[in-house]
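Now for the letters of each chain:
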Amino acid sequence: MIDRSLVIQLAKARLHVADRLDPVDPADVLARLREFLADLSERNASDITEAVIRRARELLADIRERTVADISSAAVQRARELLAEFGGDTTALATPDAVKRAQLLLADLSHSVPFLERSIVLEQARELLADSIEPYRWPDDQLIRFYDQGLLEVDKLRNDIAGTSDVTGDFAAALGCYVASRAVAQDNDYQQNNGALSEKLFSRFVELTMAAPFHWQSSDLEEYAEQGIAEIRKLRNDIGTEGTVTVEFTEALGYYIASRAFNLDHDQKANNGTVSDRLYARFNELVAAVPFRVTDNQLKAFAADAIAEIRKLRNDIDDAVLPSEFLEAAGYYTAFLAANLTGDQVKNGGAVAERFRGRALEALALVPYHWTDDRLAAFAADALAEIRKVRADAASYGAGAEFLEPAGYYTAYLAANLTADQLKNGGAIAERFRVRFAETLQLVPFHWGDEQLSAFIQDGIAAVRPIRPDIGGTGTVTVDYADAITRYAAGRAVLVSRDLAAGQAALADKLMQQFRELASAVPMQYPENRFEEWFDRATATLYSVRPELMLDAAGMWAPEPERIPERFSEAIADYIASLGFLFYNRVNEAAPFRELAAAGFRQL
């Protein structure tokens, strides 16, 4: 015989009837929701201004204190060091060195040998006398005496020679002939066998002496040197009439002397004017190439201008004197002003000055920008205000320690942005801080207060009723809906924070879809008395199909459900399930069970 309670349980199983009917606990859903949102249960909303300032200083690599001292003198010294990199020997020029340089230039241009060596002359004389193997026929002291006499003869023959000291190496071959001629003339035995040799050698001496290149007298060259020094003073206003013409001008002065000397020799040298002009042009080039000399007073004035310019470029200097961190920049800028003064006097002066200016700006950019605590505190306040503007949770519950990193970056952004016009790449640095602000702000989990989330949960409970006909307006929203309500409240919470990151609206839609799916999947609820009613309807239908089941053993009419054979339990349960589905208009789900019940009722 069938068991009424067992059949009802079978029907409930087919209907997936909810077996947990306890009402949902909002506190439990709130705990689930916070875990789902990865949110903090509480937020520390203490004042973080000081911490923000410290973090901003770290990001800006700023220093708390500055060494304040007058760097004017140090800037002058540093400028002198920098200017000395382009030449710096202040030793006075020695005129003999310039004359010697001119002699070398003249010898090279006239293909002459500037300096006479007696040993070479004696060697040439012995070759002419065939007396190169010791013991010599003519001793050295005798030949040296003839050599000294030959110098006097050269001085007599050449009116451009002013004394034996002017005799150059160009006369070496002539003097060799003279020494050999005298040696032969005073050797009676040798003379008898070589009577005409002495005259021949002397004639050769005269011929070679007259053919030697033009010689410039030392006195002339020294006079040209004095004129050249006067010319240098005219060209260089950093020397003037009182300044020292230093050794750096030796090369230039040598060219000036050579130019004047060649110009003097216009009767002896072809194309002399061209050579002289070329030498003079080189003189001007070399004068221009010597670093400009700046006086101490000029450098002090430039240092003052440099410090004033740095103050203009850096608005973070509040001290009465320039902090020592700016020494390198001040030195380079002072050197720039000094080099710029030489623009018309020094070749490439403009390029040198521009290089100093560039290095001054680079050195200035390397000095960490300094912000006072008051200024950073104002920036920090603006940063926290910006966070409250962007984050609704910060506006509602305060921007606490969780926002330290983004607040630090935004403070640094405002501070760096202040320097955009003053520092090279200042704008790029500020923009990098701004980007990091947005990135770190996004990493701070959004915070919702208990009151706000509890309101979302209540709204979620209310949202279940319209989509669940088994609950309606008065039914119990059970614990089985906790996950669905959590998704609903999370979706609402995300919508509140949709300005936190791109794509939040899409996430909220997804959570709402999950809410609907989970809510729909919760087993249906039915009043318990309905199953008793449906059991009776199911047995009544069975009797209509199988009236013989209403007869008792004696064949008497006695419809008692307890006497229905157990083999009809499944069919009756299918019929009850179909009624349960139809109860909530779930026709498609009811149809298969109605067919199963009909087939079961007809079984033998």
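Every chain is numbered on its own, with residues counted from 1 as its sequence reads. Only residues with pLDDT of at least 70 are given local features in this predicted model, and only at 80 or more are side-chain atom pairs given and counted; all residues enter the totals for whole chains, interfaces and linings. Only hydrogens and water are set aside when side-chain values are computed; all heavy atoms of the structure are taken into account.

**Student:** How should the overall build of the protein be read in this particular structure?
**Tutor:** Helix and strand assignments come from DSSP, with helices taken as H or I runs of at least 4 residues and strands as E runs of at least 2, each series counted from the N terminus. Within the protein, the regular secondary structure consists of 26 helices and zero strands. In the protein, buried positions account for 45% of the 604 residues. Of all intrachain contacts in the protein linking residues separated by at least 6 positions in sequence, the fraction that spans at least 24 positions is 78%. Summed over all atoms, the accessible surface of the protein reaches about 30,300 Å², with 51% contributed by carbon and sulfur. For each residue, the accessible area found with a 1.4 Å probe, counting protein chains only, is set against the maximum for its type, and the residue is called buried under 20%, exposed over 50%, and partly exposed in between. Two residues qualify as a contact provided that any one of their heavy atoms is within 4.5 Å of a heavy atom in the partner residue. Computed by Shrake-Rupley with a 1.4 Å probe, the accessible areas treat only the displayed protein chains as cover when residues are assessed.

**Student:** Any chance you could explain the packing of aromatic side chains here in plain terms?
**Tutor:** Between two aromatic rings, the relevant description is the distance of the centres plus the angle of the planes. Two rings from Phe, Tyr or Trp (for Trp, the six-membered ring) form a pair when their centres sit within 6.5 Å of each other. Planes less than 30 degrees apart are called stacked, planes more than 60 degrees apart edge-to-face, and all others tilted. Applying the stated criterion across every chain yields a total of 21 aromatic pairs. Ring centres of Tyr526 and Trp534 lie 5.7 Å apart, and the angle between their planes is 80 degrees; this geometry places the pair in the edge-to-face category. Through a chain of ring-to-ring contacts, the aromatic side chains of Tyr526, Phe531, Trp534, Phe583 and Tyr584 assemble into a single cluster. Criterion for a charge above a ring: Lys NZ or Arg CZ within 6 Å of the ring centre, and within 35 degrees of the ring normal. For Arg126, the ring lying beneath its charged end belongs to Tyr136, and the centroid distance is 3.5 Å. The ring of Trp138 has Arg137 lying over it, and the distance from NZ or CZ to the ring centre is 5.4 Å.

**Student:** For this particular structure, what's the right way to read the side chain of Asp131?
**Tutor:** Along the polypeptide, Asp131 turns up in the loop between helix 6 (118-129) and helix 7 (140-157). Using a relative accessible area of 6% as the deciding quantity, one classes Asp131 as buried. Polar contacts here mean pairs of N or O atoms no more than 3.5 Å apart (in protein, one a potential hydrogen donor and the other a potential acceptor; neighbouring residues in sequence count only if both atoms are side-chain atoms). One polar contact links the side chain of Asp131 to the main-chain amide nitrogen of Arg137, over a distance of 2.9 Å. Among residues more than four places away in sequence, those in contact with Asp131 are Arg126, Tyr136, Arg137 and Trp138.

**Student:** Help me out: how do you make sense of empty space enclosed by the protein in this one?
**Tutor:** Where empty space is left can be seen by rolling a probe of water-molecule size over the atoms. Space inside and on the surface of the protein is sampled on a 1 Å grid over the protein atoms alone, with a cavity defined as a set of points where a 1.4 Å probe fits but cannot get out and a pocket as an open set with protein on both sides within 12 Å along at least 5 of 7 lines; lining residues have an atom within 4 Å of a point. Grid points are joined across faces, edges and corners, and a volume is the space filled by probe spheres set on the points. Taken as a whole and judged by the stated rule, the model has one cavity of 30 Å³ or more. The volume enclosed by the largest cavity comes to roughly 40 Å³. Lining the largest cavity we find Ile310, Leu313, Ala329, Tyr333, Ala360, Leu361 and Leu364. Elements with a contribution of two residues or more to the lining of the largest cavity: helix 14 (296-313), helix 15 (327-341) and helix 16 (349-366). When residues of the lining of the largest cavity are assigned to their parent elements, the largest contribution, three residues, is made by helix 16. Split into classes, the residues belonging to the lining of the largest cavity amount to seven nonpolar, no polar and no charged. Under the scheme applied, nonpolar residues are Ala, Val, Leu, Ile, Met, Phe, Trp, Tyr, Cys and Pro; charged residues are Asp, Glu, Lys and Arg; polar residues are all the others, including Gly.

**Student:** Would you mind showing me how to read unusual backbone geometry here?
**Tutor:** Across the chain, the bulk of peptide bonds are trans and the bulk of non-glycine residues have phi less than zero. Cis peptide bonds are those with omega within 30 degrees of zero, and the linkage from Glu134 to Pro135 qualifies with -5 degrees. For Pro135, the position within the fold is in the loop between helix 6 and helix 7. Its identity as a non-glycine residue notwithstanding, Ala130 has a phi of 55 degrees, on the positive side. Residue position: Ala130 is located in the loop between helix 6 and helix 7.

**Student:** Looking at this structure, I do not really get the pattern of salt bridges. What am I missing?
**Tutor:** Where side chains of opposite charge bring their charged atoms close, a pairing between them can arise. A pair is scored as a salt bridge if a Lys or Arg side-chain nitrogen falls within 4 Å of a carboxyl oxygen belonging to Asp or Glu. Here the structure, examined in full by the defined rule, presents 22 salt bridges. The salt bridge partner of Asp140 is Arg126, with a shortest N-O separation of 2.6 Å. Remark: Arg126 occurs in helix 6 and Asp140 occurs in helix 7; sequence separation between them is 14 residues. Note on Asp140: relative accessible area 39%, which makes it partly exposed. Put simply, Arg436 and Glu439 hold a salt bridge, and the shortest N to O gap is 2.7 Å. With a gap of three residues between them, Arg436 and Glu439 both fall in helix 20 (residues 426-443), about one helical turn apart. Assessed through its relative accessible area of 29%, Arg436 is described here as partly exposed. Through salt bridges that share partners, Arg4, Glu532 and Asp536 make up one connected network.

**Student:** Mind showing me how you'd approach the nonpolar core here?
**Tutor:** One broad rule of soluble globular proteins: the nonpolar side chains tend to lie buried together. In this text, buried Ala, Val, Leu, Ile, Met, Phe, Trp, Tyr and Cys residues form a nonpolar core when linked through side-chain atoms within 4.5 Å. By size, the foremost hydrophobic cluster in this structure holds 32 residues, and its most contacted members are Leu299, Ile310, Leu322, Phe326 and Phe356. Elements with a contribution of two residues or more to this core: helix 4 (72-84), helix 14, helix 15 and helix 16. A per-element tally of this core places helix 15 first, with nine residues. When residues no more than four places from it in sequence are discounted, the contact partners of Ile310 are Ile317, Leu322, Phe326, Ala329, Ala330 and Leu364.

**Student:** Sorry if this is basic, but what is going on with helix 11 (residues 218-235) here?
**Tutor:** Count 3.6 residues to each turn of an α-helix, and residues three or four apart come out pointing the same way. With 18 residues, helix 11 should reach 26 Å at 1.5 Å per residue; the first-to-last C-alpha distance of 25 Å fits that figure. Within helix 11, the full set of buried residues consists of Leu221, Tyr224, Ala225, Gly228, Ile229, Glu231 and Ile232. What you see down the axis of helix 11 is that its buried residues fit within an arc of 165 degrees, all on one side. One fewer than the residue count of a helix, multiplied by 1.5 Å, yields its expected span. Directions drawn from the helix axis to the C-beta atoms are what define this arc.

**Student:** Honestly, the environment of Arg57 in this entry has me stumped. Any pointers?
**Tutor:** Tracing the sequence through the fold places Arg57 in helix 3 (residues 49-60). Look at Arg57 and you get buried, because its relative accessible area is 7%. Between the C-alpha atom of Arg57 and that of Trp371, which follows or precedes it by 314 residues, the distance is 8.5 Å.

**Student:** What exactly am I supposed to notice about the environment of Glu199 here?
**Tutor:** Mapped onto the secondary structure, Glu199 falls in helix 10 (residues 197-211). In this structure Glu199 comes out as partly exposed when scored by relative accessible area, which is 48%. Spatially, the C-alpha atom of Glu199 lies 9.9 Å from that of Tyr178, the residues being 21 residues apart in sequence.

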